[in-house]
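Listed below are the residues making up each chain.
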Amino acid sequence: MTHKAHKIENNKITLDNSLDSDDYGLIVSKNGELKGIWIPDTVEDKENFPKAIANLCINYFGLDPNADEEYPATLH
């Protein structure tokens, strides 16, 4: 099924129900801005993001979550 053909059903799935215990979640505004990053409870070092997550944030949002400076996204 293509993106355009995908129809959102009336079933509501919560974030907790859709993620595994070690999944990260990105919260994006309707304008495509990164608003927050959900970090799984199983992560011991919440200060350093996995390289794949950091690269995604850098490449698509221009933000490095492993950098020392502050960034506008909220950690959940």
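Conventions and cut-offs
Every chain is numbered on its own, with residues counted from 1 as its sequence reads. Side-chain atom pairs in this predicted model are given and counted only at pLDDT of 80 or more, local residue features only at pLDDT of at least 70, and totals for whole chains, interfaces and linings cover all residues. The basis for every side-chain value is the complete set of heavy atoms in the structure, and neither hydrogens nor water enter the calculation. When a residue's accessible area, from a 1.4 Å probe over protein chains only, is under 20% of the maximum for its type it is buried; when over 50% it is exposed; and in between it is partly exposed. Secondary structure follows DSSP: runs of H or I at least 4 residues long count as helices, runs of E at least 2 residues long count as strands, and numbering of each begins at the N terminus. An arc is given here, and it is the one of the directions from the helix axis to the C-beta atoms. Within this scheme, the nonpolar core is defined by two criteria: the residues are buried Ala, Val, Leu, Ile, Met, Phe, Trp, Tyr or Cys, and they are joined through side-chain atoms within 4.5 Å. Residues are treated as being in contact if the distance between any of their heavy atoms lies within 4.5 Å. Surface patches are drawn from residues lacking salt bridges whose relative accessible area is over 30%; two like charges belong together within 9 Å, two nonpolar side chains (Val, Leu, Ile, Met, Phe, Trp, Tyr) within 5 Å. For accessible areas, the Shrake-Rupley method is used with a probe of radius 1.4 Å. Any residue's cover is judged against the shown protein chains and nothing else. When a carboxyl oxygen of Asp or Glu lies within 4 Å of a side-chain nitrogen of Lys or Arg, that pair is called a salt bridge. On a scale of 0 to 100, pLDDT captures the predictor's confidence in every residue.

Engineer: Describe helix α2 (residues 51–61), with residues and values.
Structural biologist: Note on helix geometry: an α-helix contains 3.6 residues per turn, so any two residues three or four positions apart are oriented the same way. Within α2 the residues assigned to the buried category are I53, A54 and C57. Down the axis of α2, the smallest arc covering the buried residues is 100 degrees, so these residues share one side. Exposed side of α2, more than 90 degrees from the buried face: K51, A52, N59 and Y60 are the residues found there. Two residues or fewer after α2 comes G62, characterised by a positive phi angle close to 70 degrees.

Engineer: Run through the nonpolar core, naming residues and quoting values.
Structural biologist: One finds Y24, L34, I37, I39, V43, F49, I53, C57 and L63 forming the largest nonpolar core, which totals nine residues. Contributions of two or more residues to this core are made by β2 (34–38) and α2. If we skip the residues at most four places from it in the chain, Y24 touches L19, I37, W38, I39, P40, V43, F49, P50 and I53.

Engineer: Any chance you could break down a nonpolar patch on the surface for me, citing the residues and the numbers?
Structural biologist: On the surface, L26, V28, L56 and Y60 cluster together into a nonpolar patch covering about 370 Å² of accessible area. Summarising the element assignment, Y60 is placed in helix α2. Looking at Y60, the relative accessible area reads 64%, which means it is exposed.

Engineer: So what about the confidence of the model for the chain? Which residues, and what values?
Structural biologist: Low pLDDT means the predicted atomic positions in that stretch should not be read closely. Per-residue confidence for the chain gives a mean pLDDT of 80; residues scoring 70 or more make up 75%. Across the chain, the element-wise mean pLDDT spans from 58 in strand β3 (residues 74–75) up to 93 in α2.

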